[in-house]
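For reference, the chains in residue letters:
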Amino acid sequence: MLNKFASFAGISGPVVTIIMDGYGIPKSDAGSAIAAARKPTLDRLFAHYPNITLRAHGTAVGMPSDDDMGNSEVGHNAIGAGQIYSQGAALVADAIASGAIWQGEAWRQVVAGAKAGCGTIHFIGLFSDGNVHSHLDHLKAMIVRAREEGIKTVRIHALLDGRDVPETSALDYVEPFEAFLAETNGGVFDAQIASGGGRMTITMDRYEANWNMVARGWRTHVLGEGDQFASAVAAVKELRVKFPGTIDQDLPPFVIVRDGKPVGTIEDGDSVVFYNFRGDRAIEITRAFEEANFDKFDRVRVPQVIYAGMLQYDGDLKLPRRFLVAPPAIQDTSGEWFSRAGITQFACSETQKFGHVTYFWNGNRSGKLAGETYQEVPSDVVPFEQRPWMKAAEIADAMIEALKSGKYRTLRCNFANGDMVGHTGNFRAATMAIEAVDLSLARILPVIDALGGVALITADHGNADEMYELDKKTKLPAQNQDGSFKAKTAHTLNPVPLILYDNATGGKLGLKQTDKAGLSNIAATTANLLGLEKHAKWDESLLVIK
Ligand SMILES: O=C(O)[C@@H](CO)OP(=O)(O)O
Ligand SMILES: [Mn+2]
Ligand SMILES: [Mn+2]
């Protein structure tokens, strides 16, 4: 693993990678919380240090098409692995297109189980076409197939999105879906939405930040407890009136009833498919269905079901045991390569992004590699527009302490602010989120200087860079009828920065901008900064030696 640069043997101090989650580079400053933020440190970095832009969406991160935004999973996979793999969204779409999914043992068992038990197939998942965690086309294909296979009853438990798609778009999905069901139903086949609720109120917690969400989801989907409505359309409409201003992701849970009884509680002999392909927010509900000694909340009743995930969400923990499509087999990550070279590594974030810089970074592998140390700062459990600074200061504290300890040759952290606050759609809070990151950078960077180190400052995808939906024609922020701007809560398709912060070499290093430069080039760049060759499978380094 010799370095190819004869004149450069690597940085003697620490090599640090800082991910500013949700920090994209917008085409226009209109509606950008990043442009509006006061951020003297970042302004100085962009003005005085080598910096380029990286592709962070679409095929550059393994998504099916360049119309797909980036997200944390695919972004951190690409950064950590230095390579692009076809990701869940693409793998599932392909398995459905080829029909391979229906031949798989898991689907066969789901169908056979429901038939043997005279039972129902339940589909639980994120109800949109965001393609970050799920896609409605996958759900529809499974419903059509279930009917063809002679299944009689299907129940859908719909987690409303508004986070990967416009913030109050639930009816744009529910109404056409009801029409699809009306067409598909008939004869003995009966498919209906049975329950649901906002994705940030039930079921889709991650990294054990708030098990109460999952407990609420269990009561809603499995036990059929909660506010009752005649249909999903009625639920969305009535909840919007009852909780004005609440966006889809935050809507409370609902249960659909007929003749005063829930239409789709989950019972012994049923099959359950959790149809999200992405793992972080699918693991906890999967554990509730699968773990024999589950103790995170009282499940009250545990139905004996055939449970399958769309993908396997954690390959090390084998969660779930049964899955419809095999996840990408990510090999030869930077974590492994550096670990094998005897390089000590430190990874830190707050709960909301902790798995991103550990599990996703290491190619969806849990457990530490030799020489790795992890530090998790517990996240607040509040709507993040109320605390836009989140745990940026504590992450900076942890990084400074780890740097000063002298124990680590390379360190990485993720500042969640731009993303988590960007998802709230609150513009003012998002500017404060970026300001908190800027302040943290101002504290960390001098410590890196004192140790003769360098930093790569980047992001996994955009978010705070576009806080309003843009008008398709004018490309300016779109307005509601009352003249207010239409908040945008989703990630963006914009590129992200890569800044090389280097006061260690006297300006000897630069970065090259290429057409294809993307997140997967960071691993090789980091390797070269460490004085190592990249792994043969990785995309090229962007480091330039002057
Ligand atoms: O919150 C999430 O689950 C996603 C958006 O669906 O965001 P990120 O990819 O940044 O984690
Ligand atoms: Mn992210
Ligand atoms: Mn996000």
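As a convention, each chain's residues are numbered from 1 in the sequence order in which they are written. For naming, the first written chain is A and the first written ligand is 1, with later ones following in the order written. With pLDDT at 70 or above as the cut-off, local features in this predicted model cover only qualifying residues; side-chain atom pairs require 80 or more to be listed or tallied, and sums for whole chains, interfaces and linings still use all residues. Side-chain measures here rest on the full set of heavy atoms in the structure, leaving out hydrogens and waters.

Regarding the sheet that holds strand β12 (residues 345-350)
For step 1, the next point in the chain: In this description, strands pair whenever DSSP reports at least two bridges between them. Only runs of H or I of at least four residues qualify as helices and only runs of E of at least two qualify as strands under DSSP, and these elements are numbered from the N terminus. Across the sheet, which stays open at both edges, the 7 strands sit in the order β2-β16-β15-β1-β14-β12-β13 with mixed pairing between neighbours. Here the strands that pair on one side only, and so sit at the sheet edges, are β2 (51-54) and β13 (372-377). For this sheet the average axis-to-axis angle between neighbouring strands, irrespective of direction, equals 15 degrees.
For step 2, the next point in the chain: Of the strand pairs in this sheet, β12 and β13 are connected by 6 bridges, and their pairing is parallel. The axes are straight lines fitted to the C-alpha atoms, using for helices just the contacting stretch, and the angles between their N-to-C directions are given from 0 to 180°.

A word on the confidence of the model for the protein
For step 1, the next point in the chain: The score called pLDDT rates the predictor's confidence residue by residue, from a low of 0 to a high of 100. Per-residue confidence for the protein gives a mean pLDDT of 96; residues scoring 70 or more make up 99%.
For step 2, the next point in the chain: Taken together, the chains of this predicted complex give a pTM of 0.96 and an interface ipTM of 0.98.

Here's the deal with the nonpolar core
For step 1, the next point in the chain: Side-chain atoms within 4.5 Å are what join buried Ala, Val, Leu, Ile, Met, Phe, Trp, Tyr and Cys residues into a set we call a nonpolar core. Think of it in three bands: with a 1.4 Å probe and only protein chains considered, a residue is buried below 20% of the maximum accessible area for its type, exposed above 50%, and partly exposed in between. If you look at the biggest cluster of nonpolar residues, it comprises 163 residues, and the most contacted ones within it are F123, F127, I143, V154, M310 and L324.
For step 2, the next point in the chain: Of the residues forming this core, the biggest block, 11 residues, is contributed by helix α16 (residues 427-450).
For step 3, the next point in the chain: Start and end points for every domain follow an automatic or database-based domain assignment. Taken domain by domain, this core gets at least three of its residues from each of domain 1 (15-86 + 331-380 + 397-413 + 440-545) and domain 2 (89-309).

Concerning the UniProt feature "binding site: substrate" (unreviewed entry) in the protein
For step 1, the next point in the chain: UniProt positions are given in the numbering used here, feature names are shortened, and annotations may be inferred rather than shown by experiment. Mapped onto this numbering, the UniProt entry gives "binding site: substrate" (unreviewed entry) at H133, R163, D164, R199, R206, R278, G279, D280, R281 and K353.
For step 2, the next point in the chain: Checked against the element boundaries, R278 lands in the loop between β9 (271-274) and α11 (283-290).
For step 3, the next point in the chain: A residue is classified by how much of its surface remains accessible, and R278, at 2% relative accessible area, is buried.
For step 4, the next point in the chain: In terms of polar contacts, R278 uses its side chain to reach the side chain of N71, at 2.9 Å.
For step 5, the next point in the chain: The topology assignment puts R281 in the loop between β9 and α11. By the criterion applied in these results, polar contacts are pairs of N or O atoms within 3.5 Å in which, for protein atoms, one can donate a hydrogen and the other can accept it, and in which residues neighboring in sequence qualify only through two side-chain atoms.

Here's the deal with the coordination of the manganese ion (ligand 3)
For step 1, the next point in the chain: Bound to the manganese ion (ligand 3) on the protein side are D419 (OD), D419 (OD), H423 (NE2) and H491 (NE2), at distances that span 2.1 to 2.3 Å.
For step 2, the next point in the chain: Taken together, the 6 donor atoms coordinating the manganese ion (ligand 3) and their angles of 57 to 171 degrees define a geometry best described as irregular.
For step 3, the next point in the chain: Here the donor residues for the manganese ion (ligand 3) map to a single chain with the spacing D-x3-H-x67-H.
For step 4, the next point in the chain: Note: metal donors comprise N, O and S atoms at 2.8 Å or less from the metal (3.2 Å for Na, K and Ca); water molecules are not included, so apparent gaps in a site are possible. The metal-metal distance between the manganese ion (ligand 3) and the manganese ion (ligand 2) comes to 4.4 Å. Of this pair, H423 sits in the loop between α15 (417-422) and α16 while H491 sits in the loop between β15 (454-458) and β16 (496-502), placing them 68 residues apart in sequence. Neither H423 nor H491 differs from the other in exposure class; each is buried. A four-donor site is called tetrahedral if each angle lies between 85 and 135 degrees; a four-donor site is square planar, and a six-donor site octahedral, when trans pairs exceed 155 degrees and the remaining angles lie between 65 and 115; all other cases are labelled irregular.

Comments concerning the site of ligand 1
For step 1, the next point in the chain: Whether a residue is near a molecule or strand depends on its heavy atoms: it is near if one of them lies within 4 Å of it. Near ligand 1 you find 17 residues, and of these S72, H133, D164, R206 and R281 are the closest.
For step 2, the next point in the chain: At a separation of 3.0 Å, an oxygen atom of ligand 1 approaches a polar side-chain atom of K353.
For step 3, the next point in the chain: In the complex, the protein chains occlude 100% of the 310 Å² of accessible area that ligand 1 would expose alone.
For step 4, the next point in the chain: Three classes are used, and their members are as follows: Ala, Val, Leu, Ile, Met, Phe, Trp, Tyr, Cys and Pro are nonpolar, Asp, Glu, Lys and Arg are charged, and the others, Gly among them, are polar. Residue composition of the shell around ligand 1, grouped by class: 1 nonpolar, 7 polar and 9 charged.
For step 5, the next point in the chain: When residues are assigned to domains, the shell around ligand 1 turns out to be shared by domain 1 (15-86 + 331-380 + 397-413 + 440-545) and domain 2 (89-309), each giving three or more. Areas reported as accessible are Shrake-Rupley estimates using a 1.4 Å probe. Residue values count occlusion only from the protein chains shown.

What about the pairing of strand β4 (residues 153-160)?
For step 1, the next point in the chain: Most of β4 is tucked away: 7 of the 8 residues are buried.
For step 2, the next point in the chain: Examined bridge by bridge, strand β3 (residues 120-126) and β4 share 7 bridges and lie parallel to one another. Paired with I121 across the two strands is V154, which belongs to β4.
For step 3, the next point in the chain: A clockwise course of the path from the first strand over the helix to the second, judged with the strands pointing away from the viewer, identifies a crossover as right-handed. Taken together, β3, helix α7 (residues 136-148) and β4 constitute a β-α-β crossover, and its handedness is right-handed.

Considering the UniProt feature "active site" (unreviewed entry) in the protein
For step 1, the next point in the chain: Per the UniProt annotation, the sites labelled "active site" (unreviewed entry) are S72.
For step 2, the next point in the chain: Tracing the chain through its elements places S72 in helix α3 (residues 72-81).
For step 3, the next point in the chain: Residue S72 is classed as buried on the basis of its relative accessible area, which comes to 2%.

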